[in-house]
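Next come the chains, spelled out residue by residue.
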Amino acid sequence: MSRKALAAFALAALASSSFAQEQVLNLYSARHYSTDEALYNNFTKATGIKINRVDADDAGILARLKAEGAASPADVILLVDAARLYKGEVDGLFKPVKSKVLEDAIPAQYRGTASAEGTPWFGFSTRARVVVYDKNKVKREDVDTYEELADAKNKGKICIRSGSHPYNLSLFGAVTEHLGEAKAQDWIKGLQANLARDPKGGDTDQIKAVAAGECQIAVSNSYYIARLLRSDKVEDRAVTEKVGIVFPNQQTWGTHLNIAGGAVARNARNTAAAVKFLEYLASAEAQNYFANGNNEWPTAKGVKVNNPALQSMSGGGEFKAETIPLAAVGANQVKVQQMLDRVGFK
């Protein structure tokens, strides 16, 4: 072979090697927050692994994974609800992984059900399901437990989004875990009887309805309130001045937390890179992006957050959270939907 041919061969081999070393991670994400871009960019800078992202909601992602089957290009899945993470687990859409980094960082109640193969998903941030109330018309002590939402003293006062929305399925699933199915159904029936209007809209709509006097009590995820508190709009901050916020059940089982989490896709081609990405999400750097970017509480042990909105709404940032496994909450979703159907809760 001539010297010229050898040089050409060497260049081709080098190019082939560089191409082979370039890693790409295919991410299906239900997180639609602009601040998450920094997460992905910093991961790429640190590892050289590029991220291709497909955005959809939780249900859409799970449906797509089922439809694609073994041909799915997905490596990593990010979802924003415990019930949907559980559904992905039981439908066999996730690949269980073993990672000492993740097991050491993420408490057991924020993980999927472990098996000999590993753990199917890990939670990376939480949001509290809190009660918002009209400070001029409702006493705080009348809404400081979830149980009181079904008490006759609050008849005609409550606004809430659809009972079948994942955020409420998660809350109702937690109540079912605490009270048992029979008492939980009675509670749902009582809650329905106390509604000021038919369920509609999102959590922000419920908060604004309380501030506008349309109802007196609402249920919301904490980060929606934090967004209003941190808003540049005067009218948004004015809403928060009219309402009080309660983290329920501080004297009993604690406030319900929902979760955003991640998993390796069952048919991932780049499993090692996918696990590395999940491990990055458990790092202090990534956890603080969750806390400050979307006003969520980190799940990783030892991570402290400096988010004034989260601290102000929870009285300094400390509150008692429930400790039941979120996998169990997700497992109750079918029962909860059946209860909703039986009592006619929309």
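Everything here concerns the structure above.
Heads up: these notes are all about the structure in this document. Counting restarts for each chain: residues are numbered from 1 in the order of the written sequence. Local features in this predicted model are restricted to residues whose pLDDT is 70 or higher, and side-chain atom pairs enter the listing and the counts only when it is 80 or higher, whereas totals over whole chains, interfaces and linings include all residues. As a convention, hydrogens and water are excluded, and side-chain values are obtained from all of the structure's heavy atoms.

1. Focus on the nonpolar core
- Formed by 79 residues in total, the largest nonpolar core has its most connected members in Leu25, Ile77, Phe124, Phe277 and Leu281.
- We count a stretch as a helix when DSSP gives it H or I for four or more residues in a row; a strand needs E for two or more, and each element gets its number in order from the N terminus. If one sorts the elements of this core by residue count, helix 11 (residues 271-281) sits on top with seven residues.
- Contact between two residues is taken to exist if any of their heavy atoms lie within 4.5 Å; hydrogens are not considered. The contacts of Phe277, once residues within four sequence positions are left out, are Leu25, Leu27, Tyr40, Phe43, Ile51, Val76 and Leu78.
- Counting residues in each nonpolar core, the second largest holds 26 residues, with Val131, Val175, Val219 and Leu340 among its members. We define the nonpolar core as a collection of buried residues of types Ala, Val, Leu, Ile, Met, Phe, Trp, Tyr and Cys that are connected through side-chain atoms lying within 4.5 Å of one another. Each residue's exposure class comes from its accessible area (1.4 Å probe, protein chains only) as a fraction of the maximum for that residue type: buried when under 20%, exposed when over 50%, partly exposed otherwise.

2. Here's the deal with helix 2 (residues 36-47)
- Given a rise of 1.5 Å per residue, twelve residues ought to cover 16 Å, and the 17 Å separating the end C-alpha atoms of helix 2 matches this to within 8%.
- Downstream of helix 2 by one or two residues, Gly48 has phi in the positive range, about 80°. One less than the number of residues in a helix, times 1.5 Å, gives the span that helix is expected to have.

3. Overview of the packing of aromatic side chains
- Only centres within 6.5 Å qualify two rings of Phe, Tyr or Trp (six-membered ring in Trp) as a pair; their planes then separate them into stacked at under 30 degrees, edge-to-face at over 60, and tilted for everything else. Inspection of the entire model under this criterion finds nine aromatic pairs.
- Each ring, one from Phe43 and one from Phe277, has its centre 5.0 Å from the other, and the planes form 80°; the classification is edge-to-face. Placement of the pair is Phe43 in helix 2 and Phe277 in helix 11, with a sequence separation of 234 residues. One exposure class covers both Phe43 and Phe277, and it is buried.
- Their ring planes at 45° and their centres at 4.6 Å tell us that Phe247 and Phe319 sit as a pair that is tilted. Here Phe319 lies in the loop between helix 13 (308-313) and helix 14 (326-331) and Phe247 lies in the loop between strand 7 (243-246) and strand 8 (257-264), a separation of 72 residues in the sequence.

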